[in-house]
Amino acid sequence: MRDYIFLYINGREHKVSGEQAFVPVTDYLRYELGLCGTKVVCAEGDCGACTVMIGRLENGTMVYKPINSCIQYLCQLDCSHLVTVEGLKQNGKLNPVQEAMVECHGAQCGYCTPGFVVAMCSMFDEGKPLTACQIKDGLTGNLCRCTGYEPIVAAGLAVDFAEWEPISKLYPAENMLKQFKEYLQKPLHIKSEGKELFVPVTVNEACKFKSEHPQTVLITGGTDIAVNMNKRGLVPEVLLSTSNLPGLSAIDSREENGRTVLEVGGRVTLKQLEDYISKLNEEMKYILWVFGSPQIRHAGTLAGNIANASPIADTPPFLFMMDAEIEVSGVNGSRKIKMTDFYTGYKKLALQPDEMITKIHMPLPLKDEIVRLYKVSRRQHLDISAFTAAIRLKVDQGKIKTAAVAYGGVAAVILRMTAVEEFLIGKEFSLETCREAGKLARSEISPLSDVRGSRDFRLALAENIFSKFYHETAERQLVCQ
Ligand SMILES: Cc1cc2nc3c(=O)[nH]c(=O)nc-3n(C[C@H](O)[C@H](O)[C@H](O)COP(=O)(O)OP(=O)(O)OC[C@H]3O[C@@H](n4cnc5c(N)ncnc54)[C@H](O)[C@@H]3O)c2cc1C
Ligand code: FES
Ligand code: FES
């Protein structure tokens, strides 16, 4: 069993053991290696100043993604290649993105600049020049407090793409991949100063370890756990990183009763899902597009969003509405749990101590079903919801045949609004019916007030969202006809 983390940083090999396995990546870069180009402002994934690229083995090649290094811990980076702003020079000179940022005056105090540069480089590394819209979209996770965004977008447009050298050319991956493949055969176990880290290479090993260490905290993308560690004093004694588990990063699909069902692996990131679903379901595509930022979506996973059990998480309302099932594995094999039975109370899961999520079975709406998803937040991107809703109706000759409704942000857990569903079935699909359904929904919930919205605001949303649903769907259908 290995007792050190093996990774590359800007093309150089590093072995990390002992206490350092438990530090945030930014601390290791800045304090241990003196790579101070990577900045820390918020330390909770909100500003992008700490953006780095992480390369991992995917289908035999090295694939690089932008992530927030302040909310990645070293224990998640075994067998990966980290590229920081210092590692982006081409032939010892500034690369075309860095050149363009200088030429277009894209920096004033410069504190956010390395994060913008790395985020932009990762976009160009996808292999094509960018439009202003794509640049803005790719930079939703990067905040600048003094330059303003116009010169930064202008810099992106001014990049001489012909001069861009892909990261794979700057850092030939052959040797790294050979080593990673070898290291990924065996688990990694580090014990240091009362803390323990286990990085298994099979699900069986993971479940066995969990059964022997019930206090284990699982870390996948880390976008929830690491914020709790950085800001809320969480100090896990025993960490299990899922980063080296094979077979959990794929999305497959099957047909069942005429419906497409996605099978989403327990390590599939939100970005992977967004790309996969983009041609299959417009509504879910939108919800994933406004989820956090590119850096968050490249690290955070669907399984993590479900297991974090927040009543305002953005993906569960769709899963509730679609009767999704969560496949969990434990020492005695695997079983499926209905999404609607998965939460047993506030932040409580129907999981045994040895179990973990390995797959999500996600049915998709049929073409003749009317589906809308709602995320109510103060900003479009990079914001946590105050209220969420998912509504699915099947209407035949003006009458509602089936109804599925889920609300988030109105109780300790996400709710399937069964009384509302029962009320809707058999009724005419009209504004009057939707208004009545909204009133019933309001009477069924008892939300709390918090920083994101008052009880009254949430009650009003719960009622009015049904009228909005009608105007957006029925009236649009009439116009189309
Ligand atoms: C800046 C920022 C913006 C965000 N924006 C949004 C947003 O718009 N909408 C939203 O819903 N959330 C948002 N989040 C929250 C977070 O990104 C998501 O909840 C994400 O899906 C968590 O996935 P993860 O893989 O990073 O989970 P982790 O942080 O690794 O884990 C989260 C929880 O799940 C558990 N867990 C992880 N993997 C498994 C598994 N396989 N089996 C069982 N348990 C597991 C962990 O132990 C932990 O309790 C945001 C977070 C940040 C920092
Ligand atoms: S320091 Fe703000 S996202 Fe990392
Ligand atoms: S240049 Fe100062 S924060 Fe962006």
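The rules behind these values
- Residues numbered from 1 in each chain as written.
- Chains lettered and ligands numbered in written order.
- Predicted model: local features only at pLDDT ≥ 70, side-chain atom pairs only at ≥ 80, totals over all residues.
- Helix = DSSP H or I, 4+ residues; strand = E, 2+ residues; numbered from the N terminus.
- Rg over C-alpha atoms; globule rule 2.2 N^0.38 Å.
- Contact = placed C-beta atoms within 7 Å.
- Core = buried A, V, L, I, M, F, W, Y, C linked by C-beta atoms within 7 Å.
- Buried ≥ 20, exposed ≤ 12 C-beta atoms within 10 Å, placed from the backbone.
- Near = placed C-beta within 6 Å.
- Nonpolar A, V, L, I, M, F, W, Y, C, P; charged D, E, K, R; others polar.
- Domains from an automatic or database assignment.
- Pairing = 2+ DSSP bridges.
- Axes fitted to C-alpha atoms, helices over the stretch in contact; angles between N-to-C directions.
- Expected span 1.5 Å × (residues − 1).
- Arc of directions from axis to C-beta.
- Parallel < 35°, antiparallel > 145°, perpendicular 65-115°, else oblique.
- Left-handed = near helix turned anticlockwise from the far one by under 90°.

### Observations regarding the overall build of the protein
Helix and strand counts for the protein come out as 17 helices and 20 strands. Taking 23 Å as the expected radius of gyration for a compact globule of 481 residues, we find that the protein reaches 23 Å, a close match to that expectation. Overall, the protein is about 70 × 55 × 40 Å in size when its C-alpha atoms are taken along their principal axes. In the protein, the proportion of contacts linking residues at least 24 apart, taken out of those at least 6 apart, comes to 67%.

### Thoughts on the nonpolar core
Core analysis: the biggest nonpolar cluster contains 133 residues, and Leu 74, Cys 75, Val 117 and Ala 406 have the highest contact counts within it. For this core, the leading source of residues is helix H3 (residues 113-124), giving eight residues. With residues up to four places along the chain from it excluded, the contact list for Leu 74 reads Ile 5, Val 16, Gln 20, Ala 21, Val 23, Val 25 and Tyr 28.

### With respect to the environment of Gly 110
Relative to the elements of secondary structure, Gly 110 occurs in the loop between helix H2 (96-103) and H3. Overall, the presence of 12 C-beta atoms within 10 Å leaves Gly 110 in the exposed class. Considered as a pair, Gly 110 and Gly 330 are 220 residues apart in the sequence and their alpha carbons are 49 Å apart.

### Some words on the site of ligand 1
In the vicinity of ligand 1 there are 34 residues, among which Gly 45, Gly 221, Gly 304, Asn 305 and Ala 307 approach most closely. For the shell around ligand 1, the secondary-structure elements that each account for two or more residues are strand S8 (217-219), helix H9 (225-231), helix H12 (294-299), helix H13 (302-307) and strand S16 (356-363). A per-class count over the shell around ligand 1 returns 17 nonpolar, 13 polar and four charged. A domain split of the shell around ligand 1 shows at least three residues from each of domain 1 (5-20 + 55-82 + 172-241) and domain 3 (251-363).

### Here we look at the sheet that holds strand S4 (residues 61-68)
With respect to topology, five strands assemble into an open sheet ordered S2-S1-S5-S3-S4, the strand pairing being mixed. Edge positions in the open sheet fall to strand S2 (12-16) and S4, since each of these has one partner strand only. Neighbour-to-neighbour, the strand axes of this sheet turn through a mean angle of 30°, independent of strand direction. As paired strands, strand S1 (residues 5-9) and strand S5 (residues 81-83) are joined by two bridges and run parallel to one another. When the bridges of S5 are listed, Tyr 8 appears paired with His 81. In this fold H3 packs onto strand S3 (51-58) and S4, with an angle of close to 35° to the strand it touches most, S3.

### Some remarks on the environment of Pro 129
On the secondary structure map, Pro 129 appears in the loop between H3 and helix H4 (132-138). Note: C-alpha distance between Pro 129 and Gly 156 (27 residues apart in sequence) is 8.9 Å.

### What to know about the pairing of S3
Taken together, the eight bridges between S3 and S4 define a ladder with antiparallel strand orientation. In the sheet register, Gly 55 faces S4, and the bridge partner there is Tyr 64. Hairpin geometry of S3 and S4 is characterised by an intervening segment of two residues between the two adjacent antiparallel strands and by a positive phi of about 50° at Asn 59. The pairing of S3 with S5 spans three bridges and is classified as antiparallel. Looking at the pairing, Met 53 lines up with Val 83 of S5.

### Some points on the domain arrangement of the protein
Segmenting the protein into domains produces domain 1 (5-20 + 55-82 + 172-241), domain 2 (91-164), domain 3 (251-363) and domain 4 (369-480). Domain 2 and domain 3 are separated by 33 Å when their C-alpha centres are compared.

### Comments concerning helix H16 (residues 431-444)
The terminal C-alpha atoms of H16 lie 20 Å apart, and with 14 residues this matches the ideal 20 Å at 1.5 Å per residue to within 8%. Every buried residue of H16 is listed here: Cys 434, Ala 437, Gly 438 and Ala 441. The buried residues of H16 occupy an angular sector of 105° when projected down its axis, which confines them to one face.

### Concerning the sheet that holds strand S6 (residues 188-192)
Each strand in a sheet pairs with another by means of backbone hydrogen bonds, the pair being arranged parallel or else antiparallel. Pairing in this open sheet of four strands is mixed, and the strands run S6-S7-S9-S8 from one edge to the other. In this open sheet, the two strands that pair with only one neighbour each are S6 and S8. Strand-to-strand twist in this sheet, taken as the mean axis angle between neighbours without regard to direction, amounts to 20°.

### Description of helix H5 (residues 149-158)
Side chains three or four residues apart in an α-helix point the same way, a direct result of the helix having 3.6 residues per turn. Of all the residues in H5, the buried ones are Ile 152, Ala 155 and Gly 156. Here the buried residues of H5 occupy an arc of 100° about the axis, which is enough to place them on one side. Among the structural elements, H2, H3 and H4 are those in contact with the buried residues of H5.

### Looking at the packing of helix H10 (residues 270-277) against helix H11 (residues 282-289)
Orientation of H10 relative to H11, taken along the N-to-C sense of each, is 150°, at an axis distance of 9 Å. Taken as axis vectors, H10 and H11 run roughly antiparallel relative to one another. As for how H10 packs across H11, the hand of that crossing is left-handed. Judged by residue contacts, Leu 270, Leu 273, Glu 274 and Ile 277 of H10 engage Met 284, Lys 285, Leu 288 and Trp 289 from H11. Looking at the contact of H10 with H11, its residues break down into six nonpolar, no polar and two charged.

### Digging into the packing of H2 against H3
Where H2 meets H3, the closest approach of the two axes is 9 Å, and the angle between their N-to-C directions is 130°. Looking at the two axes, H2 sits oblique to H3. Considering how the two elements wind past one another, H2 and H3 form a crossing that is right-handed. On H3, the residues touching Val 97, Gln 98 and Met 101 of H2 are Thr 113, Val 117, Met 120, Cys 121 and Phe 124. Across the contact of H2 with H3, the residue classes break down as six nonpolar, two polar and no charged.

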